[in-house]
Amino acid sequence: MNQSFDVIIVGAGIVGAACAAECAEAGLKTLILDRGIVGGGTTAAGMGHIVVMDDSEAQFALTEYSRRLWLRMRETFSADVEYELCGTLWVAADDEEMAEARRKEEYYLARNTKVEILDSKEIGRVEPNLRAGLAGGLRVVDDGVVYPPCAAKFLTDKAARHGAECRSGAAVRMLLAEGGVILADGSRIVAGHSINATGPWSPELMPGLPVRKRKGHLLITDRYPGFVHHQIVELGYLKSAHSVSKDSVAFNIQPRKTGQMLIGSSRQYEAEGTEVEQDILGRMLARAIEYLPSLAKLSATRVWTGHRAATPDKLPLIGPSLEHDRVWLASGHEGLGITTSLGTGRLVADLLLGRKTEIPAEPYAPSRFAYAAVAHV
Amino acid sequence: MRETLLRFEVVVVGAGPAGLAAASVAAEKGCRTALVDDTPWLGGQIWRGQQLRRRNPQAARWIDRFQKSKATLLDQCSILGPAERQTLLAEHPSGARQIQWERLILATGARELFLPFPGWTLPGNFGPGGLQSLAKHGWPVAGKRILLAGSGPLLMAVGAGLRKMGAHLVSINEQAPLHRLMSFAAQLVQRPAKLVQAADLKWTLRGTPFRYGVWPKAAHGDKQVQAVTLTDGRREWVEECDFLACGFGLVPNVELPLALTCQLRDGFVKVDERQASTVPGIYAAGELTGIGGADTALVEGKIAGLAAAGDEPGAHRLEAQRASWHQFREALKATFTLRPELSRLAAAETLVCRCEDVKFDRLKSFAGWRDAKLQTRCGMGACQGRVCGAAVRVLFGWGMESVRPPITPARIESLCQGEQKHTS
Amino acid sequence: MSDQIQIRVNGKTVSVSAGTVVAAAIAQAGQQCFRRSLKGEYRGPLCGMGICMECRVTINGQPHARSCQILCEAGMEVQTDA
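This structure is a prediction, so every number in the text was calculated from the model and none was measured. (Residues numbered from 1 in each chain as written. Chains lettered and ligands numbered in written order. Predicted model: local features only at pLDDT ≥ 70, side-chain atom pairs only at ≥ 80, totals over all residues. Heavy atoms only, no water.)

A. Just the overall build of chain A, in detail. Along chain A, the regular secondary structure elements total ten helices and 18 strands. For a compact globule of 377 residues, the expected C-alpha radius of gyration is about 21 Å, and chain A comes in at 20 Å, within 12% of that figure. In terms of overall dimensions, chain A has C-alpha extents of about 65 × 45 × 40 Å along its principal axes. Across the 377 residues of chain A, 63% fall into the buried class. Restricting the contact set of chain A to residue pairs at least 6 apart, pairs at least 24 apart contribute 75%. (Helix = DSSP H or I, 4+ residues; strand = E, 2+ residues; numbered from the N terminus. Rg over C-alpha atoms; globule rule 2.2 N^0.38 Å. Buried < 20%, exposed > 50% of the residue type's maximum accessible area, 1.4 Å probe, protein only. Contact = heavy atoms within 4.5 Å.)

B. Structural context of the confidence of the model for chain A. The predicted model of chain A has a mean per-residue pLDDT of 94, with 95% of residues at 70 or higher. Predicted confidence for residues 373–377 of chain A stays below pLDDT 50, and this span has 21 contacts to residues more than four positions away or in other chains. (pLDDT = per-residue confidence, 0-100.)

C. Here's a closer look at the sheet that holds strand β6 (residues 62–66) of chain C. Residues and elements named next belong to chain C. The strand order across the open sheet formed by five strands is β2-β1-β7-β5-β6, and the pairing between neighbours is mixed. Unpaired on one side and paired on the other, β2 (12–17) and β6 mark the two borders of the sheet. In this sheet, neighbouring strand axes are inclined to one another by 40° on average, regardless of whether the strands run parallel or antiparallel. Here two bridges tie strand β5 (residues 56–59) to strand β7 (residues 77–79), and the two strands are oriented antiparallel to one another. Across the sheet, residue T58 finds its bridge partner in β7, namely Q79. (Pairing = 2+ DSSP bridges. Axes fitted to C-alpha atoms, helices over the stretch in contact; angles between N-to-C directions.)

D. Up close: the interface of chain B and chain A. Contact residues are listed per partner, giving 26 residues for chain B and 36 residues for chain A. Surface buried jointly by chain B and chain A totals about 2,600 Å² across both partners, of which 52% is contributed by carbon and sulfur atoms. For the pair chain B and chain A, the number of links is four salt bridges. Salt-bridge contacts for R223 of chain A lead to E356 of chain B; the nearest nitrogen and oxygen are separated by 3.1 Å. Viewed at the interface, chain A and chain B are joined by 13 residue pairs in polar contact (both at pLDDT 80 or more). Secondary-structure elements contributing two or more residues to the side of chain B that touches chain A are α12 (369–376) and β24 (410–411) of chain B. No other element matches α12 of chain B, which puts five residues into the side of chain B that touches chain A. Split by residue class, the side of chain B that touches chain A holds twelve nonpolar, five polar and nine charged. In the sheet, strand β16 (residues 299–310) of chain A pairs with β24 of chain B via two bridges, with the strands oriented antiparallel. Bridge assignment links S299 of chain A to a residue of β24 of chain B, and that residue is R411 of chain B. (Buried area = accessible area lost by both parts, 1.4 Å probe. Salt bridge = Lys/Arg side-chain N within 4 Å of Asp/Glu carboxyl O. Polar contact = N/O pair within 3.5 Å; in protein donor to acceptor, adjacent residues only side chain to side chain. Nonpolar A, V, L, I, M, F, W, Y, C, P; charged D, E, K, R; others polar.)

E. Representation of the pairing of strand β18 (residues 327–331) of chain A in the model. Residue and element names in this part refer to chain A. In terms of burial, β18 is largely enclosed, as five of its five residues are buried. Side-chain alternation along β18 places V327, L329 and S331 on one buried face and W328 and A330 on a second face that is also buried. Relative to β18, strand β11 (residues 188–196) is paired through three bridges, and the arrangement is parallel. Bridge assignment links N196 to a residue of β18, and that residue is L329. Two elements, strand β17 (residues 317–320) and β18, share four bridges in a ladder whose sense is antiparallel. Residue pairing for β18: G319 is matched across the bridge by L329.

Okay, structure coming up:
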């Protein structure tokens, strides 16, 4: 069966869904495909944290832009998206980390991002369950949390309202140089452009792509409303070689609307399996208990894993692939997929339509990597 | 018990009939054996309370036998999941444990199947086995009007037990049709012990209306159950009660076997003639391999224990006995098959997921379990799908998802790698 | 030697025999409703074997305790949700 679209998005995770919503709204005849269900991959496993980050200017630009889009859409979300503006609290354990907090404060204030420094007394007041003796922290006011699978569904529903077609259970075997796809069942769908938004599985469609799987563990607790109020992340994460070494953990906790809490985070390369690994889980939880001692006695309901899509420079791949200008990428978002999904979607639509992008798109161009990827022809 | 790492040759999980049998015979054969259970009691579900009030001679014999054996009892130990190789992570009120095994026998039994119908979430609606357990541990039932409904031999057994505790039985309502119950009764003639049990039940339950081909349509009440509408498919009528004990049979507790990557067949743990699962060194016995009752569980437990202890001839000698009880097990399955009307009892507004308050009509719109779970959180709440998961299988034909640890809720500190002290 | 245990359920003292589980003590105190669901419905124990999570109450300050599986101990403070 031959069909024709302006754009086919492969992968209905939150990034693909955001791309579909933007493309459809912009008037492009859009098809979004997933071998499983909407939001069933990395999107389902992740924390749903909407956060600005400042590892690089380009990372800040994309996260800040995306966060603004989330804020702008806030009133339109259905209740099940569970968007909460709880803010992020970056916690400093010692003077060195406190200096980092102040550096961030300066950085964000210079870029009109609302933040406030808290000293050791104030941090104990806003989060009484944090251990005594912390140096203080930085509160980032407009950060928030969402429930990712429903957010992804919200976006594909929005795309559908603008005429997009969404197909679950439709695996793609191959991306065509001229922009279409061939499905696993052998059928061929023609399109002006195709977009690989399959996250950690992107290299399956484009071997050689510099995207690696980065395994993470999460734990969800029973309901303890008010135990924490912000998403709390340790500043020490920046020290603990979170970016380069093989296995690492960092304290990260999120309160959900239901009163349950999500506890993370862990990062592993060379860990392809989805099984829960007791030793790294134990390290992750021990780290969390260091910051929130009374967490130890709380009830854990479930632990699971997921794989992030990691690139060498911690920035995603957004735009035309190296080899074929009709085969695009929207992948490699590592731990910022939820946050930067909306910005990615907007950039993709802008670039496809030749519109001026609100932030420079070059830093995310796939062509920045001289990878030997071949989109199968 | 302060040691955090415990090593055994044979570890048995579950202290019901299958586990008691397996642990007893393995220990008698000289294996360093542990029996692990998450409660402070021996007997599992079916022999609940038998440790204290020894009314069931068979149960009393096995409890004695276990206690005389040299097996170690690790009670109040909830298995959280596999740790590293051939090690289970467990939680005791005093802290976490790591239990190392060379052979593992899983005897985690079954739980009741609950199907949603209007009013099923009202306090005062229990599973029959659930109410029996609670009553044995002090829940007041004397003088209470109790209506039993659903399916399975448990209805009558529980009814009899409750009556002996002074409850007034309003009625017992079995959904299976008469002709199937008659065939089942005919089967019992071949099993004298069961026949005696049946006669005893009949006597104990004299005067209580027993109906077949009848099932509950709705439970009613202000803040708790006060009445139940029953139906036979043609007429409906209402009966008042204080408690409703309603369960539609049993489903095996396959969470631990799945976490250990044992394969299932038709929802039960797949085992060979030695009760060995598809994972080397791991055996399964009792309700895990098929709903067959205490007698089936005992012989399977014995075979598993003997096989784990390396006694091939001993295990072989019990095959005929097991085959006989497997016939009984097949008869149970055929008799108490659930009728299609039961998957249509839920109204649009009826909750299917009690933990996350997800209604039937919301779930209906999904094509599969995973989508429904992610979008509604059905099955992602405190019970992790143990109640609704079995129900949606009947309602929609949805299969089970993968199992994630902890298998039972655990304190976060129990999931941290503690310091390991070795004990031999 | 008395084998009666005193515990408090929602502030009210209840005397139960040894071997009584907390859920039964709550029922003996006249309480059928143990907790409120997400949308505020009244709930009580269903499965009696620690699986359904409907019997959860606060025991000695610790929430989410499965009362059907926990034996009463002298001096226990039990709070139900409902």
